[in-house]
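# Understanding the architecture of this molecule
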Amino acid sequence: MRGVSKAFGSTMALSGVDFDLRPGEVHTLMGENGAGKSTLMKILIGLHHADGGEILLNGNQVKFSSPREALDNGIAMIHQELYPVLDMTVADNIFMGRELLKSRFGPLSLVDFRSTRGRAAGLLREMGLKAAPDALMRQLSVAETQLVEIIKAVSQGARIIIMDEPTSAITEREIEHLFSHIRRLKENGVAIIYISHKMEEIFRISDRITVLRDGTHIATRPASELIPDVLVGMMVGREIRDIYPSRPERPKGEIALEVVGLSDAGKFSGVSFSVRKGEILGMAGLMGAGRTEIAECLFGINPRAGGEIRINGDPTAIRSPRDAIRRGMALISDDRKQKGLNLEATVGENISLLRLRSFSKAGIINRSRERAEIDVYMGKLGVKAESGDAPVTSLSGGNQQKVVLAKWLMAEPEIIVFDEPTRGIDVGAKHDIYVLINELAGRGKAILMISSEMNEIVGMSDRVVVIADGRLTGTLGKDEIDQERIMALASNIA
Ligand SMILES: Nc1ncnc2c1ncn2[C@@H]1O[C@H](COP(=O)(O)OP(=O)(O)OP(=O)(O)O)[C@@H](O)[C@H]1O
Ligand SMILES: [Mg+2]
């Protein structure tokens, strides 16, 4: 790709960006949220059209008018924001558009469902995925959906595969499968463009790294010549000395949230813990340990659970998210498509949704107050958007995540459950979010922070509870928090 440029309205998403890819390499694209990574890739596959520049494939100038055409030329993209066809089976989704037929002759070509299912089962097994080929896409977790998309691209025989944050929602074990798959693809000469914010992973898998900042090309280097600090410096254009802000030791308040013997058959059982006002309780564990399910149960998404939830000492029946919100709770979830955002609305409408009542008098919304408040929160979180009136879908993935955060913080909840608060968020913005979480604790909010990022748990928590296989396997006080202990408890070998 040579000198590629693209503007959206007044936003210069890309200006004169060069990018090249060799057979059999993993070339990683890095940059802050909104730097232009996804846009560059969408241009490559014909989803967006560049305003300037050219694309050469094996030396020939190409310009695809649709992802279908790109695929026919051996380029597949696994998107950051997945829109799977929810009512389709896993097998049908994998073979969508190239169904296996019983007979190519005759007037009727019948889809061969049996071999479609069989072939899909084989591919799923190879990837180490438990999902059944005839499960519906809607029954899959985000992680599984992502893996199915990867399987789809691989099985389509693509020579160039673009993976836009493929591991943002998958487990350690699935990452190992993915990486061994990537290595095999490389041996067969397949080239991979990899986008991720996870530093450790990037250094494990990349051959070369290209950094974009504000839509411009900053550098392309072999990964072996880079170290994380230098890379971060290139991305944000300044030095971030300490990503985890220090917090003055403060006396904790009363217990705000207490959970006793929380159970839900098959998901988790006998989970008890408490969070004080002004405290950050980290919840660690491997993915799939049941942490999200616990959070959803607290928030009334899953009302059939047993056990007791006490808020400010009072046993409280929370039967729906509405109940939870009324009791001053917020769940800031990791799944922005399904639980966090209204995709038809603007950035501002999403942010102020839970506070509309406080801007209204006699049913009339005071729009200028609302707008001022929206601007405050957009500023606090550094949401990169043209304005509050921009459609939320026009934002980059990481910026959409910031909108989810802004919406809940504006509602001024007393008890805040964060489920993977910085997933898909670049390093610079991570720091801002940590500062914000600390500030909330400083103002007496009780915070439960679920995270799979060890550094985040260790860097942010006052205490840590560890969940393994649906049970609480340990609670660590401030002085006991360290990586080895947490890992041991998380894998339940303590
Ligand atoms: N469809 C669109 N309409 C308007 N603006 C857009 C659109 N798509 C992207 N942009 C803007 O272009 C810029 C680059 O966005 P892009 O999605 O490429 O970022 P990114 O590097 O992938 O970020 P992230 O790490 O958050 O995924 C952002 O300012 C974004 O708001
Ligand atoms: Mg992106």
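Below: a short report on this structure. Note that the coordinates shown come from a computational prediction; the quantities given were computed from them, not determined experimentally.

What follows covers the side chain of Lys152. Looking at the secondary structure, you find Lys152 in helix H5 (residues 142-155). Here the side chain of Lys152 touches Asn93 through a polar contact of 3.2 Å, side chain to side chain.

Moving on: the packing of helix H13 (residues 367-381) against helix H14 (residues 397-410). As a packed pair, H13 and H14 sit with axes 10 Å apart at the nearest point and diverge in direction by 125°. Accordingly, the angle class assigned to the pair H13 and H14 is oblique. The chirality of how H13 crosses H14 is right-handed. Where H13 abuts H14, its residues Glu373, Ile374, Tyr377 and Leu381 lie against Lys402, Leu405, Ala406, Leu409 and Met410.

An order of E2-E1-E4-E5 is seen for the 4 strands of this open sheet, with the pairing classed as antiparallel. Looking at strand neighbours, the two that pair on one side only are strand E2 (11-17) and strand E5 (60-62), the edges of this open sheet. For this sheet the average axis-to-axis angle between neighbouring strands, irrespective of direction, equals 35°. Of the strand pairs in this sheet, strand E1 (residues 2-8) and strand E4 (residues 52-57) are connected by 2 bridges, and their pairing is antiparallel. Counted as the bridge partner of Ser5 is Gly52 from E4.

Time to look at the packing of aromatic side chains. On inspection of all chains with the given rule, the structure shows 2 aromatic pairs. Residues Phe179 and Tyr194 carry aromatic rings whose centres are separated by 6.4 Å and whose planes lie at 65° to one another, so their mutual orientation is edge-to-face. Here Phe179 is found in helix H6 (residues 172-187), whereas its partner Tyr194 is found in strand E8 (residues 191-195), with 15 residues between them in sequence. Among the residues examined, Tyr194 registers a relative accessible area of 0% and is labelled buried.

In terms of nonpolar packing, the biggest core is built from 75 residues, with Phe273 and Phe418 touching the most fellow members. If near-sequence neighbours (up to four positions away) are discounted, Phe273 is found in contact with Leu257, Glu258, Val259, Leu281, Met283, Ile294, Leu298, Leu448, Val465 and Leu472. With 34 residues, the next largest nonpolar core counts Leu123, Leu124, Val148 and Ile182 among its residues.

Now for the sheet that holds strand E16 (residues 329-332). The strand order E16-E19-E20-E13-E21-E22 describes an open sheet built from 6 strands, whose pairing is mixed. Strands with a single pairing partner mark the edges of an open sheet, and in this sheet they are E16 and strand E22 (471-476). Here the average twist between neighbouring strands, direction ignored, is 15°. Summarising the sheet, E16 and strand E19 (residues 415-419) pair through 4 bridges and their orientation is parallel. Bridging from a neighbouring strand, Met329 pairs with Ile415 of E19.

The pairing of E1 with E2 spans 4 bridges and is classified as antiparallel. Note that in E2 the partner of Lys6 across the bridge is Leu14. Connecting the antiparallel pair E1 and E2 is a turn made up of 2 residues, with Gly9 showing a positive phi of about 55°.

Moving on to a nonpolar patch on the surface. On the surface, a cluster of nonpolar side chains totalling about 220 Å² of accessible area is made up of Ile325, Leu353 and Leu354. Residue position: Leu354 is located in the loop between helix H12 (347-352) and strand E17 (360-361). Under the relative-accessibility criterion, Leu354 is labelled partly exposed at 30%.

Calculation rules
Counting restarts for each chain, with residues numbered from 1 along the sequence as it is written. Each chain takes a letter, starting from A, and each ligand takes a number, starting from 1, following the order in which they are written. Given that this is a predicted model, residues contribute local features only at a pLDDT of at least 70 and side-chain atom pairs are listed and counted only at 80 or more, while totals for whole chains, interfaces and linings are drawn from all residues. Computation of side-chain values: all heavy atoms of the structure, hydrogens and water removed. Strands are runs of DSSP state E lasting at least two residues, helices are runs of H or I lasting at least four, and both sets are numbered from the N terminus onward. Contacts described as polar in this section are N or O atom pairs within 3.5 Å, which, within protein, must combine one atom able to donate a hydrogen with one able to accept it, while residues neighboring in sequence count only if both atoms come from side chains. A fitted line through C-alpha atoms represents every axis, and for helices the fit uses only the stretch in contact; the resulting angles, taken between N-to-C directions, go from 0 to 180 degrees. An angle below 35 degrees is treated as roughly parallel, one above 145 as roughly antiparallel, one from 65 to 115 as roughly perpendicular, and anything else as oblique. For any helix crossing, the convention is left-handed if the near helix is rotated counterclockwise from the far helix by under a right angle, and right-handed if that rotation is clockwise. Two residues qualify as a contact provided that any one of their heavy atoms is within 4.5 Å of a heavy atom in the partner residue. Strands are treated as partners if at least two bridges between them are detected by DSSP. Classification of ring pairs rests on two measures: the distance between centres of Phe, Tyr or Trp rings, Trp counted by its six-membered ring, which must be within 6.5 Å, and the angle between planes, read as stacked under 30 degrees, edge-to-face over 60 and tilted in between. To sort residues, take the accessible area from a 1.4 Å probe on protein chains only and compare it with the maximum for the residue type: under 20% means buried, over 50% means exposed, and anything in between is partly exposed. Here the nonpolar core consists of buried residues drawn from Ala, Val, Leu, Ile, Met, Phe, Trp, Tyr and Cys, with membership extended through side-chain atoms lying within 4.5 Å. In this analysis, a patch consists of residues with relative accessible area above 30% that form no salt bridge, clustered at 9 Å for like charges and at 5 Å for the nonpolar side chains Val, Leu, Ile, Met, Phe, Trp and Tyr. Here the open area of atoms and residues is found with the Shrake-Rupley method and a 1.4 Å probe, where only the protein chains shown may cover a residue. Salt bridges are counted wherever a side-chain nitrogen of Lys or Arg sits within 4 Å of a carboxyl oxygen of Asp or Glu.

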